[in-house]
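Here is how the chains run, residue by residue.
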Amino acid sequence: MTADTPLALHAVIGDAALMLAVGDADLRRAQYQHLVDLAKQPNVTIQVIRPEDGPHRAGTGQFVILEFDKARPIAYSELLDGASYVQDQDQVATYRMAADSARTVALSPEKSLALLRSMINAST
């Protein structure tokens with residue numbers, strides 16, 4: 001993420017993942033701060049999605065769309081017993097529509113950072 005030609009990352013994170021009590025308050029605070037620090041980089045966008053923001057098409061679980069300079073994009077999803085790599089471009093387009101829907105419903109990057117900062121302050 002910090003190389004001379006860094007990768008771009010646009011993450012939409014469900015607030016349930018942020019609120020999951022893993023580790024102690026100091027660890028969670030450090031994790032929130034790490035997300036805030038990452039989001040300051042020009043190649044990183046972080047958005048938080050909350051149930052109260054409404055429905056979206058990405059409600060079936062986590063997935064990643066990987067785009068490459070010299071290859072066609074693929075979608076990747078972890079399963080309990082492995083992973084699924086979707087290479088059919090029509091199916092990848094479906095994942096892309098779901099990702100677009102989640103980005104539209106999620107808090108803006110600025111509001112997402114404000115939420116993360118409030119979570120840092122709340123955990124002190």
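What you are looking at is a predicted structure, and each value in this text was computed from that prediction instead of being measured. (Residues numbered from 1 in each chain as written. Predicted model: local features only at pLDDT ≥ 70, side-chain atom pairs only at ≥ 80, totals over all residues. Heavy atoms only, no water.)

*Asks:* Can you help me understand the sheet that holds strand 5 (residues 82-86) in this one?
*Replies:* Pairing between the strands of a sheet comes from backbone hydrogen bonds, and it takes one of two forms, parallel or antiparallel. Spatial strand order, 3-4-5: three strands in an open sheet with antiparallel pairing. Of all the strands in the sheet, just strand 3 (64-66) and strand 5 have a single pairing partner and so form its edges. If you compare each strand with its neighbour and ignore which way they point, the axes differ by 25° on average. Taken together, the five bridges between strand 4 (residues 74-79) and strand 5 define a ladder with antiparallel strand orientation. Residue pairing in the sheet places Ser77 in a bridge with Ser84 of strand 5. (Pairing = 2+ DSSP bridges. Helix = DSSP H or I, 4+ residues; strand = E, 2+ residues; numbered from the N terminus. Axes fitted to C-alpha atoms, helices over the stretch in contact; angles between N-to-C directions.)

*Asks:* It is not clear to me how the nonpolar core should be interpreted in this structure. Could you clarify?
*Replies:* What tends to happen in soluble globular proteins is that the nonpolar side chains get buried as a cluster. Ranked by size, the top nonpolar core spans 15 residues in total, and within it Ile13, Leu18, Tyr32, Leu35, Ile46 and Leu116 carry the most contacts. At the level of secondary structure, the elements contributing two or more residues to this core comprise strand 1 (9-14), helix 2 (25-39), strand 2 (44-49) and helix 4 (109-122). With residues near it in sequence (within four places) discarded, Ile13 still touches Leu18, Leu35, Ile46, Gln47, Val48 and Ile49. In terms of nonpolar packing, the next biggest core, distinct from the first, is built from eight residues, Ala58, Phe63, Ala99 and Ala102 among them. (Core = buried A, V, L, I, M, F, W, Y, C linked by side-chain atoms within 4.5 Å. Buried < 20%, exposed > 50% of the residue type's maximum accessible area, 1.4 Å probe, protein only. Contact = heavy atoms within 4.5 Å.)

*Asks:* Mind showing me how you'd approach the environment of Pro55 here?
*Replies:* Residue placement: Pro55 occurs in the loop between strand 2 and strand 3. You can call Pro55 exposed: its relative accessible area is 77%. C-alpha separation for the pair Pro55 and Arg29, spaced 26 residues apart in sequence, amounts to 28 Å.

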